[in-house]
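Below are the chains, spelled out letter by letter.
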Amino acid sequence: MLSDVLLIAGKDLRVELRSRIALNQVVPFALLVLVLFGVALDADSSTLATFTPGLYWVAVVLAALLAVHRSVSLEDGDGADEGLLMSGLHPASVFLGKAVALIAELLLLALVLLGGVLILYGAPVDDVTLLLLTTVAAVIGVGAAGTLYGALLSGQRARETILPILLLPVLAPVVIGASRAFGDAMGSVATDGWSWLLSLTGFAMLYLAVGSVAHGALMEEA
Amino acid sequence: MTTTQEAVETGRFDTATGSRTTRMLGWALSIGLIVLLWLAFIATDPDIRIDAASGDEIGQFDAVRLIYVHVPMAIVAYTAFTVTAIGSVMVLLRRSVWWDLVAGASAEIGAVASALTLITGSIWGRPIWNTYWRWDDVRLMTTLVLFMLALGYLAVRRLEGSAESRARRAAIVGILLVINSIIVNRSVEWWASQTLHQQSTITDAAIEDLTLFTFMYAIVFGLAGYVWLLIKGFRVAWLERQNERFGLVEALEQRRAEAERTDAVNAAVDTGTGDQS
């Protein structure tokens, strides 16, 4: 099981290492979103510092949409999805493998963006541990839900327009929770960030489980 | 309703969605609507109370009449999405076409009802809360996100691919509809940790008898309307499905007829060369 997961994840990450789509297109896009927020809000540093948690997570979620597209399109061409089906790997392993690869890419993206907001927005950091753990938990949730909804739309030409409608409402609770936890870690919101971290972890676990179960039904139909 | 097989054999297709029962239900609902309008606008009084301390008139005045639309629509929306979720489970368990069409028809009604819930609620909120929208209200946020999730579900139903493939994809989204709305509900409740929203008004003893009757009547009317629309929506979907399948049957028959003609011509060329020799 674990070796199958790593096999699929390794495949996706190798493709990424060789094509550098996420690095060369998704990360710059996310940084552009940060810059646009900066100019749209008049580059007022006190405003930016206050709204950093929310702006950061909106930027991550928007960039994640692109990363999900990329992850799904790897299986679209050349009958790759049929190859996966014929490989005899358990659908849950395929799901977890693709999710792990997507999560690894998103984690890199989130860390680059974190550097971006700390430098560009001048956001203060009170609690580094909470900040990093929140990033990990929220990114796992986004990656798991993204992989599931991406698989739902595999092979569909209308994927680019439907994915945001499907995925953004689902990720709304992650944006709420992660922004709150970041608010606590950055000292801009008086709330218990650790309990938000716990709920983010719950979301991530739930979507990993639901995705593993549902992926079987989806692969049959692909 | 005739099945595709019967329709192809007899050449008779259903062209309407009505039956004796739905026509009677439709007429009953039309009369019921007139009664509801009379109850809501004429028979019941506006909500005006006298403040004991100052002697001023307080209350919701005519805005209270909106609950006769708002609450039934909210109940219809949540009922409809529950039916969609149940249908989705049945699709995955039994590959049931019937439940797939019911789930789809129900979600369409749910989307409209949740939109109407949000619109009527906003109109009511303007005079009573002095704002159209509140971000920290858990019921508003849950209904809004549920409405958006329903739009996504309906988009998945319109995907390309075979009917069965669409049904399975939609069923997974349909089940997640419930899971996601529970997550949103919990997280907003925790986030906002307060609500301005009216608590359930039914237990309020101050509510007048006729107002209470109208309120209950409106809920029953809304649910009956839901059933009527669900039957109609199901039949439209069923006819669409029949049309899709019959289209294929007809095309196959035309190709076969073509092949038979070609065979006959070939046979004539091969054997019937009498006039050429």
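Residues numbered from 1 in each chain as written. Chains lettered and ligands numbered in written order. Predicted model: local features only at pLDDT ≥ 70, side-chain atom pairs only at ≥ 80, totals over all residues. Heavy atoms only, no water.

Enquirer: How do you make sense of the overall build of chain B when you look at a structure like this?
Expert: The secondary structure content of chain B amounts to 7 helices and 2 strands. Each helix and strand of chain B, placed in order from N terminus to C terminus, yields the pattern α-α-β-β-α-α-α-α-α. Long-range contacts, defined here as pairs at least 24 residues apart, represent 74% of the contacts in chain B between residues at least 6 apart. Split by element, the accessible area of chain B, about 15,800 Å² in all, is 63% carbon and sulfur. (Helix = DSSP H or I, 4+ residues; strand = E, 2+ residues; numbered from the N terminus. Contact = heavy atoms within 4.5 Å. Areas by Shrake-Rupley, 256 points an atom, 1.4 Å probe, with all protein chains shown as cover.)

Enquirer: Even after reading the chapter, I still don't get the interface of chain A and chain B, so can you show me in this structure?
Expert: When the parts of a complex come together, some accessible area is lost, and that lost area is often taken as the interface size. Contacts between chain A and chain B engage 29 residues on the former and 26 residues on the latter. Both faces considered, chain A and chain B share a buried interface measuring about 2,400 Å² in area, 69% of it formed by carbon and sulfur atoms. Linking chain A to chain B there are 1 salt bridge. One salt bridge in this structure joins B:Glu160 and A:Arg157, with 3.3 Å as the shortest N-O distance. Inspection of the chain A/chain B interface yields 6 residue pairs in polar contact (both at pLDDT 80 or more). Top contributing element to the side of chain A that touches chain B by residue count: helix H8 (residues 193-221) of chain A, with 12 residues. (Buried area = accessible area lost by both parts, 1.4 Å probe. Salt bridge = Lys/Arg side-chain N within 4 Å of Asp/Glu carboxyl O. Polar contact = N/O pair within 3.5 Å; in protein donor to acceptor, adjacent residues only side chain to side chain.)

Enquirer: How should the environment of B:Leu92 be read in this particular structure?
Expert: All names here are of chain B. As for its position among the elements, Leu 92 is in helix H3 (residues 67-94). A relative accessible area of 27% means that Leu 92 is categorised as partly exposed. With near-sequence residues (within four places) excluded, Leu 92 lies in contact with Arg 168, Ala 171, Ile 172 and Ile 175. (Buried < 20%, exposed > 50% of the residue type's maximum accessible area, 1.4 Å probe, protein only.)

Enquirer: Mind showing me how you'd approach the packing of aromatic side chains here?
Expert: What characterises a pair of aromatic rings is the spacing of the ring centres plus the angle enclosed by the ring planes. All names here are of chain B. Under the counting rule described, the total for this entry stands at 10 aromatic pairs over all chains. Ring geometry for Trp 98 versus Phe 234: centroids 5.7 Å apart, planes at 55°, classification tilted. Taken as a pair, Trp 98 in helix H4 (residues 97-128) and Phe 234 in helix H7 (residues 209-271) lie far apart in primary sequence, 136 residues in all. According to the relative accessible area criterion, Trp 98 is partly exposed, its value standing at 47%. The lysine or arginine in question, Arg 126, covers the ring of Tyr 132, its NZ or CZ lying 5.5 Å from the ring centre. (Phe/Tyr/Trp six-rings, centres within 6.5 Å; stacked < 30°, edge-to-face > 60°. Lys NZ or Arg CZ within 6 Å of the ring centre and 35° of its normal.)

Enquirer: Which parts of the structure should I look at to understand the nonpolar core?
Expert: Nonpolar side chains in soluble globular proteins generally cluster together in the buried interior. Counting residues in each nonpolar core, the largest one holds 106 residues, and the members touching the most others are A:Tyr56, A:Tyr149 and A:Tyr207. Among the elements that line this core, the one with the most residues is helix H3 (residues 45-73) of chain A, at 13 residues. Excluding residues within four positions of it along the chain, A:Tyr56 makes contact with A:Ala110, A:Leu113, A:Leu114, A:Val117, A:Thr135 and A:Phe182. One finds B:Leu36, B:Ile67, B:Ala218 and B:Phe221 within the second-largest nonpolar core, a separate group that totals 9 residues. (Core = buried A, V, L, I, M, F, W, Y, C linked by side-chain atoms within 4.5 Å.)

Enquirer: How do you make sense of the pairing of strand E1 (residues 47-50) of chain B when you look at a structure like this?
Expert: For a regular strand, the rule is simple: side chains alternate between the two faces of the sheet. Where E1(B) and strand E2 (residues 57-61) of chain B come together, 3 bridges link them in antiparallel fashion. Bridge pairing in E2(B) places B:Arg49 opposite B:Ile58. (Pairing = 2+ DSSP bridges.)

Enquirer: How should I be thinking about helix H5 (residues 91-120) of chain A in this particular structure?
Expert: Helical periodicity: at 3.6 residues per turn, an α-helix aligns residues three or four positions apart in one direction. If you check H5(A), its first and last C-alpha atoms are 42 Å apart, about what 30 residues at 1.5 Å a residue would give, namely 44 Å. Just past H5(A), the residue A:Gly122 takes up positive phi, approximately 60°. (Expected span 1.5 Å × (residues − 1).)

Enquirer: I'm lost on the environment of A:Arg157 in this one. Help?
Expert: Structurally, A:Arg157 can be placed in the loop between helix H6 (128-152) and helix H7 (159-185). A polar side-chain atom of A:Arg157 sits 3.3 Å from a polar atom in the side chain of B:Glu160.

Enquirer: Sorry if this is basic, but what is going on with the packing of helix H2 (residues 21-40) of chain A against H5(A) here?
Expert: A pair of packed helices is characterised by two quantities: the angle between their axes and the separation of those axes. Residues and elements named next belong to chain A. Look at H2 against H5: their axes get within 10 Å of each other, and the N-to-C directions meet at 35°. Crossing handedness for the pair H2 and H5: right-handed. Where H2 approaches H5, its residues Ala 22, Leu 23, Val 26, Val 27, Ala 30, Leu 31, Leu 34 and Val 35 are matched on the opposing element by Glu 105, Leu 108, Leu 109, Val 112, Leu 113, Gly 116, Val 117 and Leu 120. Looking at side-chain class alone, the contact of H2 with H5 contains 14 nonpolar, 1 polar and 1 charged residues. (Axes fitted to C-alpha atoms, helices over the stretch in contact; angles between N-to-C directions. Left-handed = near helix turned anticlockwise from the far one by under 90°. Nonpolar A, V, L, I, M, F, W, Y, C, P; charged D, E, K, R; others polar.)

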